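Take a look at the letters that make up each chain.
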Amino acid sequence: MSETVSLNSLLTALRAAAEATRLRLLAILARNELTVTELTRIMGQSQPRISRHLKLMCEAHLLHRHQEGSWVLYGIADSGPAAHIVQELISLLPDEDHEMDRDAQRLQSIQREHMRAATAYFEENARAWDDIRKLYVAEVEVEKAMLLAIDDMEVSYLLDLGTGTGRVLEIFSPSIQRGLGIDLSREMLAVARSKLESSNITNCQVRYGNIYGLAVDSGSVDVVTIHHVLHFLDDPAAVIKEAVRTLKSGGRVLIVDFAPHHVETLREVHAHRRLGFSDDEVNTWLHRAGAKSLALHHLSTKQSDAADQLVVTLWVGQTH
Ligand SMILES: C[S@@+](CC[C@H](N)C(=O)[O-])C[C@H]1O[C@@H](n2cnc3c(N)ncnc32)[C@H](O)[C@@H]1O
């Protein structure tokens, strides 16, 4: 174990973990933060039972819970007295186990449902997306800040993850040699292609692909942009890790997303999974992926259609 823990913390953590369902919960939460409803579906047990297990493990500091609007998300504790213990426990879980394999399959089917819902949303809204985005994103300021974040760099290759209608490629195209946008929605890609063509942008292309597993060589990219994509994802940390993998040494990743907010309609109407991210949350993911946080900007709030103030954050990470 890499860090000393008190005997008391160790005993509390071990007692809390020493039960079959709770070990299965640790295994599944090591893959993804989830709500109690989703965990209930995966484990095939009643909600009160799962809630009891979760409460016990939260009290033992094995798990953390955070409230986001009407949802509560559970995840593995990444700080606190049991953070190291829980990582050790997870590493001891067997690679093959019938029940845990079945849990993992159910998790995958839930993740596929989320992806299908988001894809269906973008299929329906592809043509209107540029107008929808303007309703709640402080565009001009954000775009200016993104351009400034790389104005001291020579960018030969920029990758835009979840490129949608290709807006980020459009604004960066004069400042880069080559750009590639990746997206899972064929409808969004069709709009992006016709936009790039009509704007006569020849140094950027878009391609169908899943940003969880990029067909891009490690260490080959100067800049990765992730603009208003993380809040749709089940596992944003995995995409940041994948983005950092593709970066050259000294390369930068520019992440734009909402600060924590309570505009529940974005979840209900616009297929968002997460209601924003804290500065620390994204910076921790950057550090774990092997990048340092270079800069952080909170950009002007804009009156949204939901009559609430949304703050947009730009996180700039850099590889060593
Ligand atoms: C809100 S749009 C943002 C588009 C663009 N970055 C912008 O700011 O206008 C999010 C985009 O991410 C894409 N997306 C979501 N999950 C994805 C995944 N796993 N792989 C590739 N694209 C994904 C969606 O299809 C959608 O086009």
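The model shown is predicted, which means the values in this text are computed figures rather than measured ones.

(A) Seen up close, the domain arrangement of the protein. Partitioning the protein into domains gives domain 1 (7-117) and domain 2 (126-319). Computed over C-alpha atoms only, the centres of domain 1 and domain 2 are separated by 29 Å. With 15 residues of domain 1 in contact, the opposing surface of domain 2 contributes 14 residues. Between domain 1 and domain 2 the total buried area reaches about 1,200 Å² when both faces are included, carbon and sulfur atoms providing 41% of it. Summed over the three residues of domain 1 that lose the most area to domain 2, namely Glu-68, Trp-71 and Met-115, the buried surface amounts to 42% of that side.

(B) Spotlight on helix α2 (residues 20-29). Burial analysis of α2 places eight of its 10 residues in the buried class, the great majority of the element. By the burial criterion, the buried members of α2 are Thr-21, Arg-22, Arg-24, Leu-25, Leu-26, Ala-27, Ile-28 and Leu-29. Here α2 starts with a cap whose side-chain oxygen sits 2.8 Å from the backbone nitrogen of Thr-21, and that cap is Glu-19.

(C) Region of the structure containing helix α10 (residues 186-198). Taking 1.5 Å as the rise per residue, α10 with 13 residues should run 18 Å; its terminal C-alpha atoms sit 18 Å apart, in good agreement. What α10 keeps buried is the set Met-188, Leu-189, Val-191, Ala-192, Lys-195 and Leu-196. Projected onto a plane normal to the axis of α10, the buried residues spread over an arc of 160 degrees and lie on a single side. Those residues of α10 that are exposed and angled more than 90 degrees off the buried face are Arg-186, Glu-197 and Ser-198. One or two residues past the end of α10 sits Asn-200, with phi positive at roughly 60 degrees.

(D) Representation of the pairing of strand β7 (residues 247-258) in the model. Most of β7 is tucked away, with nine of its 12 residues classed as buried. Relative to β7, strand β6 (residues 221-227) is paired through six bridges, and the arrangement is parallel. Within the sheet, the bridge partner assigned to Ile-226 lies in β7 and is Ile-255. Between the parallel pair β6 and β7, the chain is carried across by helix α11 (residues 236-246), and the sense of this crossover is right-handed.

Analysis parameters
- Residues numbered from 1 in each chain as written.
- Predicted model: local features only at pLDDT ≥ 70, side-chain atom pairs only at ≥ 80, totals over all residues.
- Heavy atoms only, no water.
- Domains from an automatic or database assignment.
- Contact = heavy atoms within 4.5 Å.
- Buried area = accessible area lost by both parts, 1.4 Å probe.
- Buried < 20%, exposed > 50% of the residue type's maximum accessible area, 1.4 Å probe, protein only.
- Helix = DSSP H or I, 4+ residues; strand = E, 2+ residues; numbered from the N terminus.
- Polar contact = N/O pair within 3.5 Å; in protein donor to acceptor, adjacent residues only side chain to side chain.
- Expected span 1.5 Å × (residues − 1).
- Arc of directions from axis to C-beta.
- Pairing = 2+ DSSP bridges.
- Right-handed = clockwise from strand over helix to strand, strands pointing away.

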